[in-house]
Amino acid sequence: METTIVKTLSKYSETELLETIVRTSYNIVSLDFKKQQLQERASLIAEVLVQKDELQAEVTQAETLGIKTYEVYRAELKAVEDAELKAIEDAKLAEEEVIEK
């Protein structure tokens with residue numbers, strides 16, 4: 001096997017071999033750089049997705065809170081309306097009692 005490699009390499013000049021080594025080294029460095037860039041982009045995308053999930057949770061919570069707040073206000077309004085109706089009824093009953101006496 002070594003002789004095959006030696007025969008193959010002997011076909012090329014030292015300059016050609018060095019150029020090939022330099023090109024290959026450059027390509028490796030370039031690929032490593034591109035890999036690093038892709039990893040950084042993947043990391044940024046992951047961060048954005050986490051933020052999106054957090055914001056969606058906040059929106060859902062705000063919507064739920066908004067519904068609960070509406071329900072609380074509606075219940076308070078109903079309680080006030082009921083109290084008002086009772087007060088009117090009590091006033092009518094009191095008025096009828098006064099008229100009867």
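The structure presented is a predicted model; accordingly, all values stated were derived computationally and were not measured. (Residues numbered from 1 in each chain as written. Predicted model: local features only at pLDDT ≥ 70, side-chain atom pairs only at ≥ 80, totals over all residues. Heavy atoms only, no water.)

Peer 1: Lay out the overall build of the protein in plain terms, naming residues and giving numbers.
Peer 2: Counting secondary structure elements, the protein contains two helices and zero strands. For the protein, the C-alpha radius of gyration of 41 Å lies well beyond 13 Å, the compact-globule estimate for 101 residues. Considered along the principal axes of its C-alpha atoms, the protein spans approximately 130 × 25 × 10 Å. Expressed as a percentage of its 101 residues, the buried residues of the protein come to 0%. Total accessible area computed for the protein in this model is approximately 9,700 Å², and 62% of it derives from carbon and sulfur atoms. In the protein, which carries 13 positive and 22 negative side-chain charges, the distance between the mean positions of the two groups comes to 12 Å. (Helix = DSSP H or I, 4+ residues; strand = E, 2+ residues; numbered from the N terminus. Rg over C-alpha atoms; globule rule 2.2 N^0.38 Å. Buried < 20%, exposed > 50% of the residue type's maximum accessible area, 1.4 Å probe, protein only. Areas by Shrake-Rupley, 256 points an atom, 1.4 Å probe, with all protein chains shown as cover. Lys, Arg positive; Asp, Glu negative; His and termini not counted. Charge placed at Lys NZ, Arg CZ, Asp CG, Glu CD.)

Peer 1: Tell me about the pattern of salt bridges, residues and numbers included.
Peer 2: Using the criterion set out here, one finds two salt bridges in the structure. A salt bridge links Lys78 to Asp82, with the nearest nitrogen and oxygen atoms 3.3 Å apart. With Lys78 and Asp82 both in helix H2 (residues 14-100), this residue pair falls four residues apart, about one helical turn. The salt bridge involving Lys86 is made with Asp90; its shortest N-O contact spans 3.5 Å. Separated by four residues within a single helix, Lys86 and Asp90 lie in helix H2, roughly one turn from each other. (Salt bridge = Lys/Arg side-chain N within 4 Å of Asp/Glu carboxyl O.)

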